[in-house]
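What follows is each chain in one-letter form.
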Amino acid sequence: MLFLVNVPFSVLAQVIVQDGVLIISSENSVVYANEALTNQGKLIHQGKMYLQSNFINNANYEASQGTLMMSGNDQLISVGAAKLGGIEIYNGGNKKIAGDLEILNHLALEKGMLLIPIESKLMLSNEAAITQSSSSSYIQGYLYHRGNGEKFFPVGSANQYAPLTLNEVEGEEPVIGISYEPTQDKPYWKQTTFSGTYLGSTATVTFMSDNSDYLFYKDDLEILAQTEIKGSSTALGGEKIRVKDNLFTLSGIEKTSLPWITVGFDSNKLLERVFVPNAFSPGAPSTEDQGIKVYGKYISLKNFDFGIQDEWGRWVYRTTSLVEAMEAGWTAANTSSTATKYRYVVSGRYLSGKTFQQSDVIMKF
């Protein structure tokens, strides 16, 4: 017998062993394997196989009508090159797939991370469906889809679920792969064409961010496409933002086949500006004229500094909060200074990365 089971497993259907061949004989059959399985013969798999541990295929594995139920904590499935009816992920932990596996019917991500090494390939056929992905169950690495139409990629990094949908894939028998590859301050999705011709698609992305700039300028955040990760961006238009807490969803309406998709702000440098008034009056009718605030657009919340000195060079106000400087600012009532001439100093950077620093006299009337 060439099919080896390291420990006994329970069988709830007919199992036929013949000349080194093990056949799970019907679509309704169920097999439970509590320990590692190694196939060194021919395994014909047509039902459900519950795996608590590793499955190593070293020979012939036919499973186009079979489903692997991965229910162990940390598991490795090494299949070489195979077609499988479905995979279902349960009970948490990390499930790793080695080899080139095409799923024909369904992928269910109930709970557990599905890890795809760079040298391996997980592909969904044109008819395969994905269900139940969430922040506790998604794919780390590339996921490939075959065919045209809407394609959902439940991808993420080691600590962030960031699904992407290609809404209208066009091309000639395209096989498209997506992985999520965030940098320190921006989310990135990498698109690669494995085979066929890819003519482009619109895209919808969802990601979780702790980037304070995104939360402050959320109405200006948009989906972008790039030729390279540090290159110039092309805005894909459409609905700019839907945000709940720090969970963002953005959709584009322009089709793209560029290899990188990310999010960011309008790249028009003419819109970057910072302005500080050069006069104020504590008795002015308008509260806006009674003190000094910072006004601007596309100023980063990070590395910001704003302060006001009296005519003797003493600081009478200073803050590193852009929100405070823009919303509250400074009034002479907040200080005991009796000076009539002051100087402001403001520095920081714009969202494009360009830095600024400026200073000028402020007169009190």
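Every residue gets a number counted from 1 within its own chain, in the order that chain's sequence is written. Local features in this predicted model are restricted to residues whose pLDDT is 70 or higher, and side-chain atom pairs enter the listing and the counts only when it is 80 or higher, whereas totals over whole chains, interfaces and linings include all residues. Water and hydrogen atoms play no part in the side-chain values, which are based on all heavy atoms of the structure.

Quick word on the overall build of the chain
- Helix and strand definitions follow DSSP, with helices as H or I runs of at least four residues and strands as E runs of at least two, each counted in order from the N terminus. Across its full length, the chain holds two helices and 35 strands.
- For the radius of gyration, the atom set is restricted to C-alpha positions; the globular benchmark scales as 2.2 Å times the number of residues to the power 0.38. Taking 21 Å as the expected radius of gyration for a compact globule of 365 residues, we find that the chain reaches 29 Å, considerably beyond that expectation.
- C-alpha atoms of the chain, sized along the principal axes, occupy 100 × 40 × 30 Å.
- Each of the 365 residues in the chain was classed as buried or not, and the buried ones make up 47%.
- Contacts between residues were defined by any pair of non-hydrogen atoms, one from each residue, lying within 4.5 Å. The long-range fraction of contacts in the chain, counting pairs at least 24 apart against all pairs at least 6 apart in sequence, stands at 42%.
- In these tables, accessible area is a Shrake-Rupley quantity obtained with a 1.4 Å probe, and a residue counts as shielded only by the protein chains included in the view. Accessible surface computed for the chain: about 17100 Å², of which carbon and sulfur atoms make up 47%.
- We treat Lys and Arg as the positive residues and Asp and Glu as the negative residues; His and chain ends play no part in the count. Where a charge lies is defined by one atom per residue type: Lys uses NZ, Arg uses CZ, Asp uses CG and Glu uses CD. With 29 positive and 37 negative side-chain charges, the chain shows a separation of 6 Å between the mean positions of the two kinds. Under the scheme applied here, a residue whose accessible area is under 20% of the maximum for its type counts as buried, over 50% as exposed, and between as partly exposed, the area being computed with a 1.4 Å probe on protein chains only.

Examining the sheet that holds strand S34 (residues 341-349)
- If you walk across this open sheet you meet the five strands as S28-S35-S34-S31-S32, and the pairing is mixed. A single partner strand is all that each edge strand has here, and the edge strands are strand S28 (279-280) and strand S32 (315-319). Strand pairing follows a simple DSSP-based rule, namely that at least 2 bridges must link the two strands.

Re the layout of surface pockets
- Approximately 200 Å³ is the volume attributed to the second largest pocket.
- As for the second largest pocket, its lining consists of 15 residues, and the residues nearest its centre are Gln160, Gln184, Asp185, Ser209 and Asp210.
- Ten residue types, Ala, Val, Leu, Ile, Met, Phe, Trp, Tyr, Cys and Pro, are classed as nonpolar, four, Asp, Glu, Lys and Arg, as charged, and the remainder, Gly among them, as polar. Among the residues forming the lining of the second largest pocket, the class breakdown is six nonpolar, five polar and four charged. Cavity means a closed set of points on a 1 Å grid over the protein atoms alone, one where a 1.4 Å probe fits but cannot get out, pocket means an open set with protein on both sides within 12 Å along at least 5 of 7 lines, and lining means a residue has an atom within 4 Å of a point. Grid points are joined across faces, edges and corners, and a volume is the space filled by probe spheres set on the points.

Some details on the environment of Asn91
- Within the fold, Asn91 resides in the loop between strand S11 (74-89) and strand S12 (94-109).
- Judged by its relative accessible area of 55%, Asn91 falls in the exposed class.
- The spatial distance from the C-alpha of Asn91 to the C-alpha of Asn73 is 6.6 Å, given a sequence separation of 18 residues.
- Not counting chain neighbours up to four residues away, the residues in contact with Asn91 comprise Ser71 and Lys111.
- Polar contacts here mean pairs of N or O atoms no more than 3.5 Å apart (in protein, one a potential hydrogen donor and the other a potential acceptor; neighbouring residues in sequence count only if both atoms are side-chain atoms). Side-chain polar atoms of Asn91 contact the backbone oxygen of Ser71, separated by 2.9 Å.

Focus on the pairing of strand S26 (residues 260-264)
- Summarising burial for S26: five of the five residues are buried, a large majority.
- Here S26 shows two buried faces, one formed by Trp260, Thr262 and Gly264 and the other by Ile261 and Val263.
- Examined bridge by bridge, strand S22 (residues 222-226) and S26 share five bridges and lie antiparallel to one another. If you follow Gln226 over to S26, its bridge partner there is Trp260.

As for the environment of Glu35
- Mapped onto the elements of the fold, Glu35 is located in the loop between strand S5 (30-33) and strand S6 (37-39).
- Since its relative accessible area comes to 42%, Glu35 is described here as partly exposed.
- Along the sequence, Glu35 and Thr206 sit 171 residues apart, while their C-alpha atoms lie 38 Å from each other.

Looking at the packing of aromatic side chains
- Think of it this way: a Phe, Tyr or Trp ring, Trp meaning its six-membered ring, pairs with another when their centres are within 6.5 Å, and the plane angle makes it stacked under 30 degrees, edge-to-face over 60, tilted otherwise. Enumeration according to the criterion identifies 22 aromatic pairs in this entry.
- The structure contains a cluster of three or more aromatic residues connected by ring pairs, namely Tyr180, Trp189, Phe207, Tyr214, Phe216, Tyr217, Phe248, Phe265 and Tyr298.
- In this scheme, the term charge over a ring applies when either NZ of a lysine or CZ of an arginine sits within 6 Å of the ring centre and within 35 degrees of the ring normal. The ring of Trp260 carries the charged tip of Lys190 above its face, separated from the ring centre by 5.5 Å.
- The lysine or arginine in question, Arg318, covers the ring of Trp315, its NZ or CZ lying 4.2 Å from the ring centre.

So, the side chain of Asn39
- Here Asn39 is to be found in strand S6.
- Judged by its relative accessible area of 0%, Asn39 is buried.

Considering the pattern of salt bridges
- Salt bridge, as used here: a side-chain nitrogen of Lys or Arg that lies within 4 Å of a carboxyl oxygen of Asp or Glu. Inspection of the entire model under this criterion finds eight salt bridges.
- In this structure, Asp305 engages Arg318 in a salt bridge whose closest nitrogen and oxygen atoms are separated by 2.9 Å. Linking Asp305 in strand S31 (residues 305-310) with Arg318 in strand S32, this pair joins segments that are 13 residues apart in sequence.
- A salt bridge links Asp310 to Arg314; the nearest nitrogen and oxygen atoms lie 3.0 Å apart.
- Here the salt bridges do not stand alone but share partners, grouping Glu168, Glu170 and Lys255 into one network.

Digging into the environment of Asp219
- With respect to the helices and strands, the residue Asp219 is situated in the loop between helix H1 (212-216) and S22.
- Expressed as a C-alpha distance, the spacing of Asp219 and Val243, which sit 24 residues apart in the sequence, is 9.3 Å.

Observations regarding the confidence of the model for the chain
- Per-residue confidence from the predictor is reported as pLDDT, which spans 0 to 100. Mean pLDDT for the chain: 88, with 90% of residues reaching 70 or above.
- Ignoring residues within four places in sequence, the model shows residues 1-9, a span with pLDDT below 50, making 21 contacts including any to other chains.
- Low pLDDT, under 50, characterises residues 11-18; the predicted model gives this stretch 14 contacts beyond four residues in sequence or across chains.

Comments concerning the side chain of Thr202
- Structurally, Thr202 is set in the loop between strand S20 (188-200) and strand S21 (203-208).
- Discounting chain neighbours no more than four positions away, the residues touching Thr202 are Thr165, Leu166, Asn167, Glu168, Gly252, Ile253, Glu254 and Lys255.

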